[in-house]
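A structural walkthrough
Okay, here's what each chain looks like letter by letter:
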Amino acid sequence: MIQSKIAVIGLGYVGLPLAHAFSAKYKVIGFDIAQWRINELSSGYDRTLELSDAQVKEALDNGMEFTNKIDDIRDCNIYIVTVPTPIDKHKKPDLTPLLKASETIGKVLKKDDVVIYESTVYPGATEEDCIPILEKFSGLKFNKEFFCGYSPERINPGDKEHTVTKILKVTSGSTPEIGKKVNALYASVITAGTHLAPTIKVAEAAKVIENSQRDINIAFVNELSMIFNRLGIDTNAVLEAAGTKWNFLPFRPGLVGGHCIGVDPYYLTHKAQEVGYNPEIILAGRRLNDNMGIYVASQIIKLMIKKGHKIEGAKVLVMGITFKENCPDIRNSRVIDVIRELQEYGCDVEVTDYWADADEVKQEYNLNLLKDTDTNTYEAIVLAVAHDNYKDVELNNKDQVVFDIKSILNESDGRL
């Protein structure tokens, strides 16, 4: 694969860092359907902040191109798909972006080309859903005239330590020979090493259980926080004490959002139900985590009542709308559940966030972000996201309720 020319399809939190890594050794074309994204990257700026301006410039200097024109990727021989795989309003997998990407690639696919999928899916999706589309639009036969691989993404948005080249990569191929070639391709840029899975389905399954496992563990500590709250016990003190045992898993309670942990379990349960098995533990964890926003809001309201605040029209400031700390990603942020529930109670909720893009928040959640605000003018403050710049916030109004979801303050009226 020394002469490989790579097209990375989808230039979001996953695709762009991967394209940057490959650009150091290969000719890379970054493809995205959004013209604004192409313009932005071509000018040297990444709004996701996964790449610095210097890194985007580095990719451009390496000869990397950004495009939304299908003809520009026609002469590539490796296609890597990194598009989102969300769920719909019924919490069912929405493969639309994945299938559209497969259709695009199918139109330019040539003999001996390799298509590698990175998007998180249920076991079997690559071979059962994507490959038939590649065959249909290319007119080529799978495993005879073109080949496939699957290498699940492991990007952690906002994490500047565990970047794409420093995370061990699982790889796989549609034949043993292609598996070795796919593995060699990634091994040439992934310094942390690779693990070649025996089949595509094994690699797909490995990815989807990574986040399902985290989801279940977080659901467990979320339930513990509810129990300990009723018992009048500090959950974090309990977890700190239990954590002194060498094999205790250090999970913390919180809102479970984002485009991975809050979504991927539904891909696995969908496939399980399709083959006649009704998952119990996975779905129970999902239900509990999905309802944490409502629980948090109810706890805030109870604390406000205890302090004598009138709930109807009470001003509440929510600090943080991104799905995790020190990251601009607002996708599937469950902070919105807290906000909507407080609004249902009649509260006047305002939102601020150091990292989030105001236009994106307006478009996604129809909320106007505040830039500057006097925290003393609110009946309640909700510290929803553990951004570093919130850790030293001074809240001096003793009459207001302070609810610290992520336990970043030494003192607060309530926390998980």
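Refer to the structure presented above.
1. Overview of helix α5 (residues 125–138)
Look at α5: 19 Å from first C-alpha to last across 14 residues, which is about the 20 Å you get at 1.5 Å a residue. Those residues of α5 not exposed but buried are Ala 125, Thr 126, Cys 130, Ile 131, Ile 133, Leu 134 and Ser 138. Tucked inside the fold, the buried residues of α5 contact α4 (96–106), β5 (114–117), β6 (147–150) and α7 (200–231). In the stretch just after α5, Gly 139 is the one whose phi turns positive, near 75 degrees.

2. Structural notes on the sheet that holds strand β11 (residues 369–370)
Strand order in the open sheet formed by six strands is β11-β10-β9-β12-β13-β14, and the pairing between neighbours is parallel. A strand with exactly one partner marks an edge of an open sheet, and here the two such strands are β11 and β14 (414–415).

3. Quick look at the sheet that holds strand β1 (residues 5–9)
As summarised here, the arrangement of the six strands in space is β3-β2-β1-β4-β5-β6, forming an open sheet in which the pairing is parallel. Edge positions in the open sheet fall to β3 (65–67) and β6, since each of these has one partner strand only. Between one strand axis and the next, the sheet turns by 20 degrees as a mean value, whatever way the strands run. Examined bridge by bridge, β1 and strand β2 (residues 27–31) share five bridges and lie parallel to one another.

4. Notes on the packing of aromatic side chains
Taken as a whole, this structure holds five aromatic pairs when the rule is applied. Considering the side-chain rings of Phe 22 and Tyr 26, the 5.9 Å spacing of their centres and the 65 degrees angle between planes classify their relative orientation as edge-to-face. Note on Phe 22: relative accessible area 0%, which makes it buried. Among the aromatic side chains, those forming a connected cluster through ring pairs are Phe 22, Tyr 26 and Tyr 186. One Lys or Arg, Lys 245, reaches over the ring of Trp 246 and ends 5.4 Å from the middle of that ring. Lying over the aromatic face of Tyr 378, Lys 315 brings its terminal NZ or CZ to 4.7 Å of the ring centre.

Quick notes on the rules
- Residues numbered from 1 in each chain as written.
- Predicted model: local features only at pLDDT ≥ 70, side-chain atom pairs only at ≥ 80, totals over all residues.
- Heavy atoms only, no water.
- Helix = DSSP H or I, 4+ residues; strand = E, 2+ residues; numbered from the N terminus.
- Expected span 1.5 Å × (residues − 1).
- Buried < 20%, exposed > 50% of the residue type's maximum accessible area, 1.4 Å probe, protein only.
- Contact = heavy atoms within 4.5 Å.
- Pairing = 2+ DSSP bridges.
- Axes fitted to C-alpha atoms, helices over the stretch in contact; angles between N-to-C directions.
- Phe/Tyr/Trp six-rings, centres within 6.5 Å; stacked < 30°, edge-to-face > 60°.
- Lys NZ or Arg CZ within 6 Å of the ring centre and 35° of its normal.

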